[in-house]
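Chain and residue survey
Each chain, written out:
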Amino acid sequence: MPEMLRSRSTGDRDGFLSYDLLGLTVAFDRIYRVPMAELWACLTEPDRMAGWLGPVEEIELRVGGRIVFCLHPQNGAWLRGEILALEDGRKLEFTWTVPAHGQAPDFSGSVLALGLEPAPGGSRLLFRHRGVPEPRVLDILAASHLRLDQLPTASGARAVVDRQRFLALRELYARDFSFGKETV
């Protein structure tokens with residue numbers, strides 16, 4: 001069983017970390033007051049994905065299919081991945097590769113797993129980003145937190161990257177988990 005570290009925060013930070021054979025996992029468990037089918041659409045339909053992840057260039061919903069979207073239009077951060085697991089309406093898992101851009105180094109070798117299950121009054125999203133290198137943990141915690149706050153998304157919505165909120169969350173998670181303050 002992986003060791004889990006939950007944020008020591010009593011505030012609105014709900015991200016947590018676990019350690020296993022792949023290394024660090026950034027995790028969130030969130031309940032959304034929408035049916036699973038609606039939340040699944042936000043995870044798999046390009047027009048809905050754009051509202052929390054960024055503009056989608058391609059998604060082939062099949063194991064082995066490609067997924068390509070722009071995480072950060074301002075600095076050209078594009079994710080290119082391969083779908084590893086797919087259970088219609090319940091699970092989407094893909095590799096996470098973001099080539100070097102601007103000042104950021106290449107980020108590859110991790111896997112994002114998104115799982116859905118019923119919850120009282122709605123749906124539970126299980127977000128697991130496995131294999132995150134330690135120098136990127138705070139960035140992934142803060143960015144994932146912000147993106148998950150934008151769910152569920154309406155068709156035609158566009159993801160908002162609030163740099164000030166990102167930096168504030170990053171600092172708070174650094175304190176919660178006693179990580180250094182260096183930015184990668």
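Residues numbered from 1 in each chain as written. Predicted model: local features only at pLDDT ≥ 70, side-chain atom pairs only at ≥ 80, totals over all residues. Heavy atoms only, no water.

1. Remarks on the nonpolar core
Where we set the bar: Note on terminology: a nonpolar core comprises buried Ala, Val, Leu, Ile, Met, Phe, Trp, Tyr and Cys residues joined through side-chain atoms within 4.5 Å. For every residue, the accessible area (1.4 Å probe, protein chains only) is compared with the maximum for its type, and the residue is labelled buried under 20%, exposed over 50%, or partly exposed between those bounds. Any two residues having at least one pair of non-hydrogen atoms within 4.5 Å are treated as being in contact.
Residues Phe69, Phe94, Trp96, Leu114, Leu125 and Leu141 are the most contacted members of the largest nonpolar core, which totals 46 residues. Among residues more than four places away in sequence, those in contact with Phe94 are Ile67, Phe69, Leu79, Glu82, Ile83, Leu84, Ser110, Val111, Leu112 and Leu114.

2. Quick look at helix H3 (residues 137-149)
Since there are 3.6 residues in each turn of an α-helix, residues three or four apart along the chain are aligned in direction. Which entries qualify depends on this criterion: We count a stretch as a helix when DSSP gives it H or I for four or more residues in a row; a strand needs E for two or more, and each element gets its number in order from the N terminus. Here the expected span of a helix is defined as 1.5 Å times the quantity of residues minus one.
The end-to-end C-alpha distance of H3 is 18 Å, a good match for the 18 Å that 13 residues give at a rise of 1.5 Å each. For H3, a buried count of eleven out of 13 residues is recorded, marking the element as mostly surrounded by other parts of the structure. Summarising the contacts, the buried residues of H3 are in contact with strand E2 (16-20), strand E3 (23-32), strand E5 (66-72), strand E8 (107-119), strand E9 (122-132) and helix H4 (163-177).

3. Describing the pairing of E2
Cut-off, in case you're wondering: When DSSP finds at least two bridges between two strands, those strands are taken to pair.
In this sheet, E3 lies alongside E2 in antiparallel orientation, the contact comprising five bridges. Along E3, the bridge assignment pairs Asp20 with Gly23. If you look at the hairpin formed by E2 and E3, you'll find two residues sitting between the two strands.

4. What about the environment of Ser155?
What counts here: Pairs of N or O atoms are called polar contacts if they sit within 3.5 Å, as long as, within protein, a hydrogen donor faces a hydrogen acceptor (for residues adjacent in sequence, only side-chain-to-side-chain pairs).
Take Ser155: it is sitting in the loop between H3 and H4. Taking the C-alpha atoms as reference, Ser155 lies 8.5 Å from Ala50; in sequence the two are 105 residues apart. Residue contacts for Ser155: discarding those within four places in its chain leaves Asp47 and Arg48. Within the structure, Ser155 has its side chain in polar contact with the side chain of Asp47 (distance 2.3 Å).

5. Structural notes on the packing of H3 against H4
The following threshold applies: Lines fitted to the C-alpha atoms define the axes, with helices restricted to the stretch that makes contact. Angles between their N-to-C directions range from 0 to 180 degrees. An angle below 35 degrees is read as roughly parallel, one above 145 as roughly antiparallel, one from 65 to 115 as roughly perpendicular, and any other as oblique. Helix crossings are classified by the rotation of the near helix relative to the far one: an anticlockwise turn of less than a right angle makes the crossing left-handed, while a clockwise turn makes it right-handed. Here the term charged refers only to Asp, Glu, Lys and Arg, the term nonpolar to Ala, Val, Leu, Ile, Met, Phe, Trp, Tyr, Cys and Pro, and the term polar to all other amino acids, Gly among them.
Across the interface, H3 lies against H4 with an axial gap of 8 Å and an inter-helix angle of 125°. Classed by the angle they form, the pair H3 and H4 counts as oblique. As H3 runs across H4, the sense of the crossing is right-handed. Together, Leu138, Asp139, Leu141, Ala142, Ala143, His145, Leu146 and Asp149 of H3 and Arg165, Phe166, Leu169, Arg170, Tyr173, Ala174 and Phe177 of H4 make up the contact between the two elements. Looking at side-chain class alone, the contact of H3 with H4 contains ten nonpolar, one polar and four charged residues.

6. Some words on the environment of Ala37
Looking at where Ala37 falls in the secondary structure, it is placed in helix H1 (residues 36-44). In this structure the C-alpha to C-alpha distance between Ala37 and Leu116, which are 79 residues apart in sequence, comes to 9.5 Å.

7. Quick word on the pattern of salt bridges
Side-chain pairs of opposite charge can arise whenever the charged atoms involved come near each other. What counts, and what does not: Salt bridges are identified by distance alone: a Lys or Arg side-chain nitrogen within 4 Å of an Asp or Glu carboxyl oxygen.
Summed over the entire model, instances satisfying the criterion amount to twelve salt bridges. Asp139 serves as the salt-bridge partner of Arg136, at 3.8 Å between the closest nitrogen and oxygen. The same class applies to Arg136 as to Asp139, namely buried. Here Arg170 ties to Asp139 by a salt bridge, and the two come within 2.6 Å at their closest N and O atoms.

8. A look at the confidence of the model for the chain
Our working definition: Scored from 0 to 100, pLDDT reflects the predictor's confidence in each residue.
Put simply, the chain has an average pLDDT of 87, and 88% of its residues get 70 or more. In this model residues 1-10 is a low-confidence stretch, pLDDT under 50, and it forms 26 contacts with partners more than four residues away in sequence or in other chains.

9. A few points about the packing of aromatic side chains
Just so we agree on the cut-off: Pairs were defined over the aromatic rings of Phe, Tyr and Trp, the Trp ring being its six-membered one, requiring ring centres within 6.5 Å. Orientation was assigned from the angle between planes: stacked under 30 degrees, edge-to-face over 60, tilted for the rest.
The tally for this structure, following the rule as stated, stands at five aromatic pairs. Ring geometry for Phe28 against Phe127: centres 5.7 Å apart, planes inclined by 80°, an arrangement best described as edge-to-face. Linking Phe28 in strand E3 with Phe127 in strand E9, this pair joins segments that are 99 residues apart in sequence. Given the relative accessible area of 0%, Phe28 is considered buried. When its relative accessible area of 4% is taken as the criterion, Phe127 is described as buried. Residues Tyr173 and Phe177 carry aromatic rings whose centres are separated by 6.2 Å and whose planes lie at 10° to one another, so their mutual orientation is stacked. Within this pair, Tyr173 and its partner Phe177 are both found in helix H4, separated by four residues, close to a single helical turn. Side by side, Tyr173 and Phe177 carry an identical accessibility label, which is buried. Joined through ring pairs, the aromatic side chains of Phe69, Phe94 and Trp96 make up one cluster.

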